[in-house]
Amino acid sequence: MRYSAFSILLNGLRGNTAWKPAWRAPKPKPHYDVIIVGGGGHGLATAYYLAKEFGIRNVAVLEKAYIGSGNVGRNTTIIRSNYLLPANNPFYELSLKLWEGLEQDLNFNAMISQRGVLNLFHSDAQRDAYMRRGNAMRLHGVDADLLDRTKVRQMLPFLDFENARFPIHGGLIQRRGGTARHDGVAWGYARGADSMGVDIIQECEVTAIRRENGKVTGVETSKGFIGCSKLAVAVAGNSSQVAAMADMRLPIESHVLQAFVSEGLKPFIDCVVTFGAGHFYVSQSDKGGLVFGGDMDGYNSYAQRGNLSTVEHVIEAGKAMIPALSRVRVLRSWGGIVDMSMDGTPIIDRTHIDNLYLNAGWCYGGFKATPGSGFCFAHLIARNEPHAVTREMRLDRFERGYLVDEKGQGAQPNLH
Amino acid sequence: MASLIPCPHCGQRPREEFTVKGAALVRPAADAGRNAWLDYVYLRDNPRGRYDEHWHHTSGCRRWLVVTRDTATHEIEGARDTAARTETVE
Ligand SMILES: Cc1cc2nc3c(=O)[nH]c(=O)nc-3n(C[C@H](O)[C@H](O)[C@H](O)COP(=O)(O)OP(=O)(O)OC[C@H]3O[C@@H](n4cnc5c(N)ncnc54)[C@H](O)[C@@H]3O)c2cc1C
Ligand SMILES: [Zn+2]
């Protein structure tokens, strides 16, 4: 069913009894051309673009819980393409361009809002670094503006500009950046993929990868064996676990990242702001809650919940940036398990097994990548060669010495 | 994460006093070769379960510790000084 204002009206008149589920709940077939492990944003987007762009429709997405239960439903919904390095920027810009047309493409309201992403700076050195980043973005044809303190003050008068330790000197803004409804994105891709024949199979955990003569023949799951010609893995925080089923050790650690939402407030913050010095970022959801977060807890974890000391740290940083936050009540906090790669950059690549493909290492920033990741991963699976913008996101770059270290932190995942 | 870490020198101390570094791996010899170093610097078992990692008692005795922790439950099994290769405080 195509969604439109007319369909809402019509269904309303019928007492909303005629709505159909947005995707089917099929039983697994014995064999698929492509099996995608992981029904997060990336797995679902991959299935969608495989069907839509590459005509491969005999596809299953296997999800161990329900779709949207992983990081795609846990993130703080920020989308942007303000990357410095040439290995990253064109990829994230491709993704942002896909975001810009996504709702029309999917016929689904993903509440994409290009409200701007502003990164504050607090010192001359940081201003130089942001100016460099902004220039690199512009050289790639991406919008970026450096704002001085007066311009930032006009936008967000309630920031603590005179903070003794981290005074605010200005910020770098990408106006095309913003937010999207994270579950809406998962649901929209699921519905789109399903409508082209993709089977989305929930509560189906992959427990082993069956191989014969050096090739994958299928996967053992909680719903039995399912065969496939190609296997694609996009399981975010569980990447090392699933890769181990194919005897691989990845350059990845799993870490917990927390996020928070406050009680609903009247319109207060109309963009995304990051506090360059204090490990804090915030935006306001359409319901009015402030959605915010900070750094990872810093230790390896599979627990999807974090530690009180990080909660305190994030909230202290928030109060340092916006003193008025001290009067706001936090409603909820949660954690997600992020796949931290050793250089902070993702991996979209083939593996030592010919028909096994890997999509991993998204760190805390893979939501914005969802459309681009799905598109490029589908390209790799369908054509057996990388899309031009993911050419450096190779699995063997660590061995070859071609790291893509956006932050320049070295192989220390809890610093990326 | 458990909120207390048993420092072998200071006793049970709040987690806030410590800084985490990451996997407690055995450093290869300088001439161990390319694969050993690739392994040490970049590749990880990343287990779900028991895990040895380095924590620094930054606001305490300032010793480096090896803390044995479960990455799925966050429970801490014990900690020892990095210099003491074997004994672990429970
Ligand atoms: C708190 C938090 C805030 C974040 N904020 C942002 C942000 O503002 N902007 C941004 O760009 N990014 C952000 N991220 C990162 C982003 O959410 C992730 O990088 C991205 O969602 C990962 O891709 P995914 O959606 O496919 O992952 P997931 O949704 O985690 O999908 C992976 C799926 O694989 C399934 N799975 C795992 N193992 C198996 C198995 N054996 N068999 C079958 N299925 C399996 C899981 O159940 C899961 O559903 C944030 C992350 C967190 C945790
Ligand atoms: Zn101590």
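The preceding data block contains the structure.
Okay, so let's go over this structure. Owing to the predicted nature of the structure, the values given are computational and were not obtained by experimental measurement.

1. Examining the nonpolar core
Nonpolar side chains in soluble globular proteins tend to end up buried together. Residues and elements named next belong to chain A. In this structure, Phe91, Trp99 and Tyr189 are the most contacted members of the largest nonpolar core, which totals 50 residues. Secondary-structure elements contributing two or more residues to this core are β1 (31-37), α2 (41-54), β2 (59-62), α3 (89-106), α6 (182-195) and α9 (370-383). Broken down by element, the residue count for this core peaks at 8 residues, all from α2. Dropping the residues within four chain positions of it, Trp99 is found in contact with Ile79, Ile112, Ala180, Val185, Phe367, Lys368, Thr370 and Pro371. Core analysis: the next-biggest nonpolar cluster, separate from the first, contains 31 residues, Cys204, Ile226, Ala246 and Ile252 among them.

2. A closer look at the coordination of the zinc ion (ligand 2)
Bound to the zinc ion (ligand 2) on the protein side are Cys7(B) (SG), Cys10(B) (SG), His57(B) (ND1) and Cys61(B) (SG), at distances that span 2.0 to 2.4 Å. Between consecutive donors of the zinc ion (ligand 2), the numbers of intervening residues give the motif C-x2-C-x46-H-x3-C.

3. Observations regarding the sheet that holds strand β3 (residues 19-23) of chain B
All names here are of chain B. Strand order in this open sheet of 4 strands is β3-β4-β5-β6, and the pairing throughout is antiparallel. Every interior strand has two partners, whereas the edge strands, β3 and β6 (76-81), have only one. Between one strand axis and the next, the sheet turns by 30° as a mean value, whatever way the strands run. Across 4 bridges, the pairing between β3 and strand β4 (residues 50-56) is antiparallel. Each bridged residue has a counterpart across the sheet, and for Ala23 the counterpart in β4 is Glu53.

4. Quick word on empty space enclosed by the protein
Residue and element names in this part refer to chain A. Applying the stated criterion to the full structure yields 1 cavity of 30 Å³ or more. Lining of the largest cavity is provided by Ile209, Val233, Val242, Ala243, Ala246, Met248, Leu356 and Leu358. Elements that contribute at least two residues to the lining of the largest cavity include exactly α7 (239-244) and β18 (356-360). Here the lining of the largest cavity is built from residues that sort into 8 nonpolar, no polar and no charged.

5. What about the pattern of salt bridges?
Residue and element names in this part refer to chain A. If you walk through the whole model with that rule in mind, you get 30 salt bridges over all chains. Asp145 is paired through a salt bridge with Arg138; the nearest N and O atoms lie 3.0 Å apart. Judged by relative accessible area, which is 28%, Asp145 ranks as partly exposed. According to the relative accessible area criterion, Arg138 is exposed, its value standing at 51%.

6. Description of the pairing of strand β2 (residues 11-14) of chain B
Residues and elements named next belong to chain B. By the bridge criterion, 4 bridges tie strand β1 (residues 4-7) to β2 in an arrangement that is antiparallel. Along β2, the bridge assignment pairs Cys7 with Gly11. The turn linking β1 back onto β2 is made up of 3 residues.

What counts, and at which threshold
- Residues numbered from 1 in each chain as written.
- Chains lettered and ligands numbered in written order.
- Predicted model: local features only at pLDDT ≥ 70, side-chain atom pairs only at ≥ 80, totals over all residues.
- Heavy atoms only, no water.
- Core = buried A, V, L, I, M, F, W, Y, C linked by side-chain atoms within 4.5 Å.
- Buried < 20%, exposed > 50% of the residue type's maximum accessible area, 1.4 Å probe, protein only.
- Helix = DSSP H or I, 4+ residues; strand = E, 2+ residues; numbered from the N terminus.
- Contact = heavy atoms within 4.5 Å.
- Donors = N, O, S within 2.8 Å, 3.2 Å for Na, K, Ca; no water.
- Pairing = 2+ DSSP bridges.
- Axes fitted to C-alpha atoms, helices over the stretch in contact; angles between N-to-C directions.
- 1 Å grid on protein atoms, 1.4 Å probe; cavity = no way out; pocket = protein on both sides within 12 Å on 5 of 7 lines; lining within 4 Å.
- Points joined across faces, edges and corners; volume = space filled by probe spheres on them.
- Nonpolar A, V, L, I, M, F, W, Y, C, P; charged D, E, K, R; others polar.
- Salt bridge = Lys/Arg side-chain N within 4 Å of Asp/Glu carboxyl O.

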